[in-house]
Amino acid sequence: MSHVTEELNSQPECWTRAAGAAGPHRTALPAPGERVAIVGCGTSYFMAQAAAVLRESAGHGETDAFAASEFPYRRRYDRVLALTRSGTTTEVLDLLGELKGSTRTVAVTADPDTPVAEAADDIVVLDFADERSVVQTRFATSALTLVRAHLGLHTDAVVTDARTALSTPLPPGLVECTQFTFLGRGWTVGLASEAALKMREASLSWTEAYPAMEYRHGPISVTTRSTATWMFGPAPAGLAEQVGATGASWIRGTLDPLAELVRAQRLAVAVAAARGLDPDRPRHLTRSVILAPAGEE
């Protein structure tokens, strides 16, 4: 069994522990009414997008999400929440360093013995969700579960759905598709982007992700009979029928959207296996992006 398979299978237990950590860390996490930015890189950026929409939609305060390298330093925030599995990503550490002494920062990480522990004002450690695989699965979803629980949006039903996502077969014919499109609305747009990233990383697949209402505005033109279009959450009226008319497979998400992401993770591993690829060794990727200081090779 690959590391990524073992790790994605452990997510129900990790989510239960992450939800339990929300209470003890409530003072480190953003308080209601604060103006907050959530940042990350790669997978963590997509989780930041989902978390930001969830927080603002729940009425907890204005919340933005940024790739760490694109943070707008001229904007003022009460708190910046950084998601970083490794605690060593250069862009995140640079951002936290720039904000030191001016903006309250908190980092959610899997490893406390890394530079992020000194760079952030507060730290939340989800070491039980750390991973050996380059491809992120359980840390990312556990970090989002922590935020959902902090916002009062996590229930045991989400964990039950995750177990269902792991135990039920994938839709027939899905692994044989040559193009995968993931759609979301609201907080699930970030999840759709993450699902597409998993497919690219693990199986080198042609994948795309869009806000669902944007799919009609051009992207549907490349949809074919070998396309799988997967909706995270409720679909816009008529979209399933339009996609079906192209001959593509329409995958309707029936579980909690975070559990649907687990199904997409499984698909990425299954497609990798079908193509003879090792999902633990994605092409051109490392577990953490650590850049040399400017001027050094």
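Check the entry above for the structure.
Reading guide: rules and limits
- Residues numbered from 1 in each chain as written.
- Predicted model: local features only at pLDDT ≥ 70, side-chain atom pairs only at ≥ 80, totals over all residues.
- Heavy atoms only, no water.
- Helix = DSSP H or I, 4+ residues; strand = E, 2+ residues; numbered from the N terminus.
- Expected span 1.5 Å × (residues − 1).
- Buried < 20%, exposed > 50% of the residue type's maximum accessible area, 1.4 Å probe, protein only.
- Polar contact = N/O pair within 3.5 Å; in protein donor to acceptor, adjacent residues only side chain to side chain.
- Pairing = 2+ DSSP bridges.
- Axes fitted to C-alpha atoms, helices over the stretch in contact; angles between N-to-C directions.
- Salt bridge = Lys/Arg side-chain N within 4 Å of Asp/Glu carboxyl O.
- 1 Å grid on protein atoms, 1.4 Å probe; cavity = no way out; pocket = protein on both sides within 12 Å on 5 of 7 lines; lining within 4 Å.
- Points joined across faces, edges and corners; volume = space filled by probe spheres on them.
- Nonpolar A, V, L, I, M, F, W, Y, C, P; charged D, E, K, R; others polar.

*Asks:* Help me get a handle on helix α10 (residues 257–274), residues and values and all.
*Replies:* In a regular helix each residue adds 1.5 Å, so 18 residues correspond to 26 Å; α10 covers 25 Å between its end C-alpha atoms and thus fits that length. In terms of residue burial, α10 counts as a mostly covered element, since 14 of its 18 residues are buried. At the N-terminal end of α10, a side-chain oxygen is found 3.0 Å from the backbone nitrogen of leucine 258, two or three residues along, and the residue is aspartate 256. The first or second residue beyond α10 is glycine 276, which carries a positive phi of 75°.

*Asks:* Account for the sheet that holds strand β9 (residues 249–252), naming residues and giving values.
*Replies:* With parallel pairing, the four strands of this open sheet are ordered in space as β7-β6-β8-β9. Taken across any chain shown, the strands that pair with only one partner, and hence form the sheet edges, are β7 (206–211) and β9. Mean inter-strand twist for the sheet, computed between neighbouring axes without regard to direction, equals 20°. Sheet topology note: the strand β6 (residues 179–184)/strand β8 (residues 227–232) ladder contains six bridges and is parallel. Bridge pairing in β8 places threonine 181 opposite threonine 229.

*Asks:* A description of helix α6 (residues 138–150) should follow, citing residues and the corresponding values.
*Replies:* Relative to the 18 Å expected for 13 residues at 1.5 Å per residue, α6 spans 18 Å between its end C-alpha atoms, a close match to the ideal helical length. The buried fraction of α6 is high, at 11 of 13 residues. Restricting attention to buried positions, one finds in α6 the residues Arg138, Phe139, Ala140, Thr141, Ser142, Ala143, Leu144, Thr145, Leu146, Val147 and Arg148. Glycine 152 sits one or two residues past α6 and shows a positive phi near 75°.

*Asks:* Break down the pattern of salt bridges for me, citing the residues and quoting the values.
*Replies:* Opposite charge on two side chains permits them to pair, given that their charged atoms come into close proximity. In total, this model carries 11 salt bridges according to the counting rule given. In this structure, the salt-bridge partner of arginine 148 is aspartate 256, at a minimum N-O distance of 3.0 Å. Placement of the pair is arginine 148 in helix α6 and aspartate 256 in the loop between β9 and α10, with a sequence separation of 108 residues. Judged by relative accessible area, which is 6%, arginine 148 ranks as buried.

*Asks:* Please set out empty space enclosed by the protein residue by residue, giving values where relevant.
*Replies:* Enumeration over the complete set of coordinates arrives at two cavities of 30 Å³ or more. Reported here for the largest cavity is a volume of approximately 60 Å³. Every residue lining the largest cavity is listed: Leu29, Pro30, Ile38, Arg55, Leu81, Val147, His150 and Leu151. Looking at the lining of the largest cavity residue by residue, the class counts come to six nonpolar, one polar and one charged. Space inside the second largest cavity adds up to approximately 40 Å³. What lines the second largest cavity is simply Val4, Leu8, Val135, Thr137, Lys198, Ala202, Gln265, Ala268 and Val269. Counting residues per element, the ones that place at least two in the lining of the second largest cavity are α1 (3–9), α8 (188–203) and α10. The dominant element in the lining of the second largest cavity, judged by the number of residues it contributes, is α10, at three residues. When grouped by side-chain class, the residues that make up the lining of the second largest cavity number six nonpolar, two polar and one charged.

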